[in-house]
Amino acid sequence: MERTSEWERELVGMARTAAKEAYCPYSHYPVGAAVLAEDGTVFTGCNVENVSYGLSNCAERTAIFKAVSEGRRAFSAIAIAGGTKSPAFPCGACRQVLAEFCRPETVVLIATLRGRKIIRTTLRELLPFGFTL
Ligand code: THU
């Protein structure tokens, strides 16, 4: 797999910055995401928890929903930053939401909140056999 490029590291940086806004008083597990729309705009998001735990929203969905609600429908990459020792891989629900708006070859960058290591994968690899109608 190729080396992480400059813009990919930049997108991870934006996800890390977004994690600073996480509202996570229950899990104390901040996550940030930055999604790159095909027109070049970046939308960021963080996890937003709720006292009724199941109503919590993951960082990835916050970022995607912000972008979709601002008229974007196609994305070329998403970066996710969470965790300290091991990174926050997107949950199953978020993978299915990503599949709604991203092509299988969309780049997914997964990183911890700090440190140099970035896992570079694709939506195809994260969600084989996702639900379709
Ligand atoms: N979380 C995310 O925001 N994204 C992920 O990829 C994994 C989990 C959030 C949900 C919850 O607020 C906290 O992390 C702990 O599960």
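These lines cover the structure that appears in this document, whether it is placed above or below.

As a further point, take the site of the ligand. Close to the ligand lie Ser27, Tyr29, Val31, Asn47, Glu49, Cys58, Ala59, Glu60, Phe89, Pro90 and Cys91. In the model, an oxygen atom of the ligand is placed 3.0 Å from a nitrogen or oxygen of the Asn47 side chain. One of the backbone N or O atoms of Ala59 is found 2.9 Å from an oxygen atom in the ligand. The residue inventory of the shell around the ligand, partitioned by class, reads seven nonpolar, two polar and two charged.

Our focus in this paragraph is helix α1 (residues 6-19). Since one α-helical turn is 3.6 residues long, residues separated by three or four positions face the same way. The first and last C-alpha atoms of α1 sit 20 Å apart over 14 residues, in line with the 20 Å expected at 1.5 Å per residue. Taken as a whole, α1 has its buried residues at Glu8, Leu11, Val12, Ala15, Ala18 and Ala19. For α1, the arc enclosing every buried residue in end-on projection is 115 degrees, short of the 170-degree limit, so these residues lie on one face. For α1, the exposed residues lying more than 90 degrees away from the buried face are Glu6 and Glu10. The elements touched by buried residues of α1 are β1 (31-37), β2 (42-46), β3 (75-82), β4 (102-111) and β5 (118-122).

This part is about the packing of helix α2 (residues 59-69) against helix α3 (residues 92-101). Closest axis-to-axis distance for the α2/α3 pair is 9 Å, and the angle between their directions is 25 degrees. Classified by the angle their axes make, α2 and α3 are roughly parallel. For the pair α2 and α3, the sense of crossing is left-handed. Counted together, Glu60, Arg61, Ile64, Phe65 and Val68 of α2 and Ala93, Cys94, Val97, Leu98 and Phe101 of α3 form the full contact between these two elements. Among the residues making up the contact of α2 with α3, the classes are represented as eight nonpolar, no polar and two charged.

In this section: the nonpolar core. Val35, Ile64, Phe75, Ile78, Ile80, Leu98 and Val108 are the most contacted members of the largest nonpolar core, which has 20 residues in total. Among the elements of the structure, β1, α2, β3, α3, β4 and α4 (123-126) are those that each provide at least two residues to this core. It is α2 that contributes the most residues to this core, five residues altogether. Those residues in contact with Ile64 that lie beyond four places of it in its chain are Val35, Phe75, Val97, Leu98 and Phe101. In this structure, Leu11, Leu36, Ala77 and Leu109 belong to the second largest nonpolar core, which totals 14 residues.

Another aspect to go through is the sheet that holds β4. The strand order β2-β1-β3-β4-β5 describes an open sheet built from five strands, whose pairing is mixed. Two strands bound the open sheet, and with one partner strand each, they are β2 and β5. Here the average twist between neighbouring strands, direction ignored, is 15 degrees. Pairing between β1 and β2: five bridges, direction antiparallel.

Cut-offs applied
Residues numbered from 1 in each chain as written. Predicted model: local features only at pLDDT ≥ 70, side-chain atom pairs only at ≥ 80, totals over all residues. Heavy atoms only, no water. Near = heavy atom within 4 Å. Polar contact = N/O pair within 3.5 Å; in protein donor to acceptor, adjacent residues only side chain to side chain. Nonpolar A, V, L, I, M, F, W, Y, C, P; charged D, E, K, R; others polar. Helix = DSSP H or I, 4+ residues; strand = E, 2+ residues; numbered from the N terminus. Expected span 1.5 Å × (residues − 1). Buried < 20%, exposed > 50% of the residue type's maximum accessible area, 1.4 Å probe, protein only. Arc of directions from axis to C-beta. Contact = heavy atoms within 4.5 Å. Axes fitted to C-alpha atoms, helices over the stretch in contact; angles between N-to-C directions. Parallel < 35°, antiparallel > 145°, perpendicular 65-115°, else oblique. Left-handed = near helix turned anticlockwise from the far one by under 90°. Core = buried A, V, L, I, M, F, W, Y, C linked by side-chain atoms within 4.5 Å. Pairing = 2+ DSSP bridges.

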